Amino acid sequence: MTLFSVEGKTVVVTGGSRGIGRMIAAGFVDAGATVYISSRKADEVAKTAAELGCTAVPADLSTGEGVSALVEAVSARESRLDVLVNNAGATWGAPLEEFPEHAFDKLWGINVKGVFYLTQRFLPLLRAAASPESPARVINIGSVDGIRVPAMENYAYSAAKAAVHMLTRHLAQRLAKESITVNAIAPGPFPSKMMAFALDDPSARAVVASHVPLGRIGSPEDMAGTAIFLASRAGAYLTGTVIPVDGGITAQS
């Protein structure tokens, strides 16, 4: 259906070598988009790119040098960028009394600053792709942990993801007049490295699923489908939204 088509679009997915980033990248590749994925680990991102049929760009987006490397690599090949998916992120769990300051620095650097400065640096290519009829899209990956207080003591992660949601709204307001939409997806439990400690164990996975109103863990199609919707004509009139893709977790009182 052309309403949901992303065929021919150019897409960048950060943190695309595994987990939610891989799910989104795979969905765009299957839907006919030209996809670039980035990750800190060169071997890992190259392997994933070969498996999916897209282009790998190794980059540590917690640093200015890494942001520049990704922007320059894409700019050397493309004259426009239709969709930027800011997915790269990290987490850190520790008790309140033991939570280290460097954890906040690390998570703020990749989860918030990385999102802001990569979007800033990609603005020329996003502007080149943007029109009132077909806006360019920025899709930030937040978290349900940035909406409600999580059970785990991941103070820096949940605070950073809440910041991503507010940054999304702020950028959306600023860039709307340039026909660039900015939205966020707030995932619940999905198979990923961050959730492996719970989801790799069948009994723990069942416990996590029991707290989801829909009774299951998210699938790759759930995540890819939401991103494709936001990037397609069907999602062209949305900006400044934070969409929980969580099986109903945030709908609970």
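Residues numbered from 1 in each chain as written. Predicted model: local features only at pLDDT ≥ 70, side-chain atom pairs only at ≥ 80, totals over all residues. Heavy atoms only, no water.

1. Quick notes on the overall build of the protein
Looking only at helices and strands, the protein features eight helices and seven strands. Computed over the C-alpha atoms, the radius of gyration of the protein is 17 Å, within 12% of the 18 Å expected from 2.2 N^0.38 for a compact globule of 253 residues. With the principal axes as the frame, the protein shows a C-alpha extent of 45 × 40 × 35 Å. When burial is assessed residue by residue, the protein has 51% of its 253 residues classed as buried. (Helix = DSSP H or I, 4+ residues; strand = E, 2+ residues; numbered from the N terminus. Rg over C-alpha atoms; globule rule 2.2 N^0.38 Å. Buried < 20%, exposed > 50% of the residue type's maximum accessible area, 1.4 Å probe, protein only.)

2. A word on the side chain of histidine 165
Locating histidine 165 in the fold gives a position in helix 5 (residues 155-175). Histidine 165 gets classed as buried once you look at its relative accessible area, which sits at 3%. In contact with histidine 165, other than residues within four places in its own chain, are Gly142, Ser143, Gly146, Ile147, Ala184, Ala186 and Val242. (Contact = heavy atoms within 4.5 Å.)

3. Considering the pattern of salt bridges
Summed over the entire model, instances satisfying the criterion amount to eight salt bridges. The partner of arginine 127 in a salt bridge is glutamate 178, and the shortest N-O contact between them spans 2.5 Å. Here arginine 127 is found in helix 4 (residues 101-129), whereas its partner glutamate 178 is found in the loop between helix 5 and strand 6 (180-187), with 51 residues between them in sequence. When its relative accessible area of 38% is taken as the criterion, arginine 127 is described as partly exposed. The closest approach of N and O atoms between arginine 148 and aspartate 145, which form a salt bridge, is 2.6 Å. In this structure, a network of salt bridges that share partners links the residues Arg22, Lys47 and Glu51. (Salt bridge = Lys/Arg side-chain N within 4 Å of Asp/Glu carboxyl O.)

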